[in-house]
Amino acid sequence: MGLNCEYYVESDMSLEKAGETIGLEESTGTWTEVETKPNDIEYLTAKVSSVDEENNLVVVEFPDELFEENNIPQILSVVAGNLFGLSSLKNVRLKDISFSEEIAKSFPGPRYGINDIKKIVGAENRPLFGTIIKPKVGLPPKKTAKVAYEAAMGGVDLVKDDETLTSQEFNLIEDRISEVMEELDKAKEETGHETLYACNVTADNKEAVERAKLVEESGGNMVMVDVITSGFSTLKAVSEAVDLPVHVHRAMHAAFTRKRKHGISMVPVSKLVRLAGGSQLHTGSYHGKMHGEKKEITKSKRALRDEWFNHKPALPVASGGIHPGLVAKNLNYYGKNSVIQAGGGIHGHPDGTREGAKAMKQAIIAWKEDISLEEYSKNHRALAKALERWGERAEYDY
Ligand code: CAP
Ligand code: MG
């Protein structure tokens, strides 16, 4: 069956020829015939399987035998390698990868799926909601923990490090994990509610695995990996090294996902994150501060959640400029099998973090009960104060 890859292509060549060029470059060919090519390797040659002239789309089928199982770097070197630099292609974008069962099943997939995570925080019938500690960097461990405690007391299911916080001098991971878990345990004693702490273990492969083990040994209940900057292999090594759910941040993705004509869509990224063991992945906000295309966010959600060769489903994460006034607008698309999170939209609340978390929770209840924010805020002060500050406006609506 092989891997079928859909590319958007702009070229002076015909789409068929462009597809052949991609297939050859990424399998058994190069720019010219070579004397050294034997006759018995044709089974490794990728071929065009379909062309859609109207939409500039070509599907190239890469035979399974071309790939090494359980090896994302090698798969990417084929389906997302030299082809992007071919001067014969003006623009080319990898829009989707359909994996063969054999290749997909050679990966671990998420250890903790949607139902496992929902069970931990008691969110079986609602989306999870969380916060990102702000400011991104600069707080010492004790202050980080205090902010986490306030958010937990306000009801969040998830507190996460920001993507740029790892183990800098001002906040070493070994100090942060113990301080934060101590405060979250305190909150749990007072509220009975478990809050997940996505501790950012991003580093090079070996160090990231060591840090993940440190989090586990310190009583942590989740780790976080910046998958694009640290690599899919680091994500997979971390998810295989510890028995913890993995929150996956996608910082740097927009360097190649943003442009519609050239690069790689978030859909293949979402599938690779799921194969590599990610339990939840940022997939964009329909209303927020980051650029995003509705159709692509929707396809990314499906890539994470749909039934797929018995791999556990992963949670899509709505994030980026979100505040209580934007909860319904995002959850109308994401639904309850998602995570919605806010950093500034919680810590920027006029009455502080705890009230900001309460306002998010109130906005989610209003969405679930199909009550307008205006109506619900009449007797829910935290939400009313958030709407006073931010209304229902987003920096960008897509
Ligand atoms: C959100 C965030 C996330 C973005 C990433 C930030 O904070 O922590 O990294 O959501 O974008 O640093 O901007 P705010 P995406 O809630 O304060 O905006 O989710 O699109 O990958
Ligand atoms: Mg961030």
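Quick caveat: nothing in here was measured; it's all calculated off a predicted structure. (Residues numbered from 1 in each chain as written. Chains lettered and ligands numbered in written order. Predicted model: local features only at pLDDT ≥ 70, side-chain atom pairs only at ≥ 80, totals over all residues. Heavy atoms only, no water.)

Colleague: Help me understand the packing of helix α15 (residues 353-368) against helix α17 (residues 381-390) in this model?
Modeller: The relative placement of two packed helices is expressed as an angle between their axes plus a distance between the axes. For the pair α15 and α17, interaxial distance at closest approach is 8 Å and the crossing angle is 95°. Looking at the two axes, α15 sits roughly perpendicular to α17. Here α15 contributes E355, K358, A359, Q362 and A363 to the contact with α17, which in turn contributes A382, L383 and A386. Counted by class, the contact of α15 with α17 contains five nonpolar, one polar and two charged residues. (Axes fitted to C-alpha atoms, helices over the stretch in contact; angles between N-to-C directions. Helix = DSSP H or I, 4+ residues; strand = E, 2+ residues; numbered from the N terminus. Parallel < 35°, antiparallel > 145°, perpendicular 65-115°, else oblique. Contact = heavy atoms within 4.5 Å. Nonpolar A, V, L, I, M, F, W, Y, C, P; charged D, E, K, R; others polar.)

Colleague: Would you explain the sheet that holds strand β8 (residues 222-226) in this entry?
Modeller: Hydrogen bonding along the main chain pairs the strands of a sheet, whether they run parallel or antiparallel. Spatial ordering of the closed barrel is given by β5-β6-β7-β8-β9-β11-β13-β14, a layout of eight strands whose pairing is parallel. Neighbouring strand axes in the sheet, compared pairwise and without regard to direction, differ in orientation by 25° on average. Strand direction decides the pairing type here: β8 and strand β9 (residues 246-249), joined by four bridges, are parallel. Paired with V225 across the strands is V248, a residue of β9. (Pairing = 2+ DSSP bridges.)

Colleague: Where do I start with α17 in this structure?
Modeller: Because the α-helix completes a turn every 3.6 residues, residues three or four places apart line up on one side. Those residues of α17 lying buried are A382, L383, K385, A386, L387 and W390. Taken together, the buried residues of α17 touch α14 (344-347), α15 and α16 (373-377). At the exit of α17 stands G391, carrying a positive phi of roughly 60°. (Buried < 20%, exposed > 50% of the residue type's maximum accessible area, 1.4 Å probe, protein only.)

Colleague: It is not clear to me how the layout of surface pockets should be interpreted in this structure. Could you clarify?
Modeller: The gaps of empty space that remain are located by a probe, the size of a water molecule, rolled over the atoms. One number sums up the size of the largest pocket: a volume of about 720 Å³. Along the wall of the largest pocket there are 41 residues; nearest its centre are R250, K289, M290, S319 and G320. When contributions to the lining of the largest pocket are tallied by element, the ones reaching two or more residues are α10 (254-257), α12 (294-305), β14 (339-342) and α14. Here the lining of the largest pocket takes three residues from α12, the largest share from any one element. Grouping the constituent residues of the lining of the largest pocket by class yields ten nonpolar, 18 polar and 13 charged. The computed volume of the second largest pocket comes to approximately 410 Å³. Around the second largest pocket, the lining is made up of 19 residues, and of these K95, S265, V267, E296 and K299 lie nearest the centre. Elements that contribute at least two residues to the lining of the second largest pocket include exactly β1 (3-11), β4 (89-98), α11 (266-275) and α12. (1 Å grid on protein atoms, 1.4 Å probe; cavity = no way out; pocket = protein on both sides within 12 Å on 5 of 7 lines; lining within 4 Å. Points joined across faces, edges and corners; volume = space filled by probe spheres on them.)

Colleague: Which parts of the structure should I look at to understand the domain arrangement of the chain?
Modeller: Where the parts come together, the accessible area they lose is often given as the size of the interface. When cut into domains, the chain gives domain 1 (3-104) and domain 2 (114-390). Each of domain 1 and domain 2 has a C-alpha centre, and these two points are 35 Å apart. Across the contact, 20 residues belong to domain 1 and 21 residues belong to domain 2. For the domain 1 face of the interface with domain 2, the top three residues by lost area are I72, R93 and F99, together amounting to 36%. A salt bridge links E296 to R93; the shortest N-O distance between them is 3.1 Å. On the surface where domain 1 and domain 2 come into contact, there are 13 residue pairs in polar contact (both at pLDDT 80 or more). If you list the elements that add at least two residues to the side of domain 1 that touches domain 2, you get β1, α2 (72-79), β4 and α3 (101-104). (Domains from an automatic or database assignment. Buried area = accessible area lost by both parts, 1.4 Å probe. Salt bridge = Lys/Arg side-chain N within 4 Å of Asp/Glu carboxyl O. Polar contact = N/O pair within 3.5 Å; in protein donor to acceptor, adjacent residues only side chain to side chain.)

Colleague: Quick question: what am I supposed to make of the coordination of the magnesium ion (ligand 2) here?
Modeller: Tetrahedral coordination by four donors places them ideally at 109.5 degrees to one another around the metal; octahedral coordination by six donors ideally gives 90 or 180 degrees. Distances from the magnesium ion (ligand 2) to its protein donors, D162 (OD) and E163 (OE), fall within 1.9 to 2.0 Å. The same class applies to D162 and to E163, which are both buried. (Donors = N, O, S within 2.8 Å, 3.2 Å for Na, K, Ca; no water.)

Colleague: Help me understand the sheet that holds β4, please; the structure alone is not making it clear to me.
Modeller: Strand order across the open sheet formed by five strands is β2-β3-β1-β4-β10, with mixed pairing between neighbours. In the strand order of this sheet, the two ends are held by β2 (47-52) and β10 (263-264), each with one partner. Where helix α1 (residues 15-25) meets the sheet, its contacts fall on β1, β2, β3 (57-62) and β4, and the angle it forms with β3 comes to roughly 30°.

Colleague: Honestly, the site of ligand 1 in this entry has me stumped. Any pointers?
Modeller: Close to ligand 1 lie 16 residues, the nearest being K136, K289, S319, G321 and G343. One of the side-chain N or O atoms of H282 is found 2.8 Å from an oxygen atom in ligand 1. Within the backbone of G343, an N or O atom sits 2.8 Å from an oxygen atom of ligand 1. Coverage of ligand 1 by the protein amounts to 94% of the 470 Å² it exposes when considered alone. In this structure, ligand 1 is accommodated by the largest pocket. The class makeup of the residues in the shell around ligand 1 is three nonpolar, seven polar and six charged. (Near = heavy atom within 4 Å. Areas by Shrake-Rupley, 256 points an atom, 1.4 Å probe, with all protein chains shown as cover. Sits in = over half its atoms within 2 Å of the grid points.)

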